[in-house]
Structure formats: C-alpha cells, structure tokens
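# Fold and contact review
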Amino acid sequence: MRHLLAGLLAVAALVRAGLDYLATSGADVAFSFAKIGAVWAGVHRNSLQQIQPGIERYLAEWLWDPVMLTILVQPMAPVLAGLAVVVWLLPLLWRRGRTVEG
C-alpha cells in the first residue's frame, strides 16, 4: 500500500513538474515551479478563500498566518516528491525500532 501511495505521489510530482516546464518553455521566463496556493486557486478558488476563516475560527488564529501561508507558497512538485520519499521510507524507520522475538 505504501508503495502505491508513494508511486502516485511521485507520478503527481512528475506531472506537475512537466506542466510547469511546459508553461514556461515557450516564454522568455526562467523556469520555476508553481506554488501550492496557485495550483489550489486554479483548481477551486472558493475553497481556498473559505479555508482561512475556517482555520482561524475553529482551530487557531496563529495556524493560518505562519503555518498555512508558509505551506501555500512552497513549490508543489518538489513537495509532492518529498512526500513520496517520506511515505516510502517511513515504514523502514518504524521497523528499526522493533525487535524480533521468537
């Protein structure tokens, strides 16, 4: 299951990186990855606008400004690739702490 999830995240990262490359290849603009917030706004702007009051009202006000804004300005493709690596390696770290009894 973890291999499937890691694989899907890796494929999503590659697709996003390819789309970012295609978007900047024809223009005289330097290559850059799309930000998470920009991709989210492109998919569904209303949910992005509604999540800020929800987080500030129901969770914590400090959670929006330093935490969520930092996440939203990160480039999407490298973040997806990093999540794929974490999902793939995390069970290996859990196994090291276990001892084999028998």
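Before reading on, note that the structure itself is shown above.
Structure report, in brief. (Residues numbered from 1 in each chain as written. Predicted model: local features only at pLDDT ≥ 70, side-chain atom pairs only at ≥ 80, totals over all residues. Heavy atoms only, no water.)

### Digging into helix α2 (residues 36-58)
Basically, it comes down to this: Helix numbering and strand numbering both begin at the N terminus, where a helix is a DSSP run of H or I of at least 4 residues and a strand a DSSP run of E of at least 2. Multiplying 1.5 Å by the residue count of a helix minus one yields the expected span of that helix. For a residue, the bend is simply the angle between two axes, fitted respectively to the seven-residue segment ending there and the seven-residue segment starting there. Each residue's exposure class comes from its accessible area (1.4 Å probe, protein chains only) as a fraction of the maximum for that residue type: buried when under 20%, exposed when over 50%, partly exposed otherwise.
Taking 1.5 Å per residue, 23 residues should reach 33 Å; α2 reaches only 23 Å between its end C-alpha atoms and comes up short. The sharpest bend along α2 comes to roughly 120 degrees, located at H44. All of the buried residues along α2 are I36, G37, V39, A41, L48 and I55.

### A word on the side chain of T24
Its place among the elements puts T24 in helix α1 (residues 2-25). T24 gets classed as buried once you look at its relative accessible area, which sits at 15%.

### Observations regarding the pattern of salt bridges
Counted only if it meets this: Criterion for a salt bridge: a side-chain nitrogen of Lys or Arg within 4 Å of a carboxyl oxygen of Asp or Glu.
Scanning all chains against the criterion turns up 1 salt bridge. Put simply, D20 and R16 hold a salt bridge, and the shortest N to O gap is 2.8 Å. Pair noted here: D20 and R16 are both in helix α1, with a separation of 4 residues, about one helical turn. Classification of D20 by relative accessible area gives buried; the value is 4%.

### Examining the nonpolar core
Selection criterion: Nonpolar cores were defined as sets of buried Ala, Val, Leu, Ile, Met, Phe, Trp, Tyr and Cys residues, with membership established by side-chain atoms within 4.5 Å. Contacts are assigned to residue pairs with any non-hydrogen atoms lying within 4.5 Å of each other.
By size, the foremost hydrophobic cluster in this structure holds 7 residues: I36, A41, L48, I55, W64, M68 and L72. At the level of elements, α2 and α3 (61-72) are the ones that each hand at least two residues to this core. The element that contributes the greatest number of residues to this core is α2, accounting for 4 residues. Here I55 is in contact with A60, L63, W64 and M68, once residues within four sequence places are set aside.

### Observations concerning a nonpolar patch on the surface
For clarity, the cut-off: A patch consists of residues exposed above 30% relative accessible area that lack any salt bridge, with like charges linked at up to 9 Å and nonpolar side chains (Val, Leu, Ile, Met, Phe, Trp, Tyr) linked at up to 5 Å. For every accessible area listed, the method is Shrake-Rupley and the probe measures 1.4 Å; residues are considered covered only by the protein chains on display.
A contiguous nonpolar surface patch, about 680 Å² in accessible area, is contributed by V11, V15, L19, Y21, L22, F31 and F33. Along the polypeptide, V15 turns up in helix α1.

### As for the packing of aromatic side chains
Formally: The rule is short: rings of Phe, Tyr and Trp, with Trp giving its six-membered ring, pair when the centres are within 6.5 Å, and they are stacked under 30 degrees, edge-to-face over 60, tilted in between.
In this structure the tally under the stated criterion is 2 aromatic pairs. For the ring pair Y21 and F31, a centre distance of 6.2 Å and an interplane angle of 55 degrees mean the geometry is tilted. Of the two residues, Y21 sits in helix α1 while F31 sits in the loop between α1 and α2, which places them 10 residues apart along the sequence. Cluster of aromatic residues (ring-pair linked, three or more members): Y21, F31 and F33.

### Some thoughts on the environment of W64
Mapped onto the elements of the fold, W64 is located in helix α3. As a C-alpha pair, W64 and G54 span 10 residues in sequence and 9.6 Å in three-dimensional space.

### Considerations on α1
An ideal rise of 1.5 Å per residue puts 34 Å on 24 residues; α1 measures up with 34 Å between its terminal C-alpha atoms. Those residues of α1 that fall on the buried side of the exposure criterion are A6, L9, A13, D20 and T24.

Keep in mind these numbers describe shape, not what the thing actually does.
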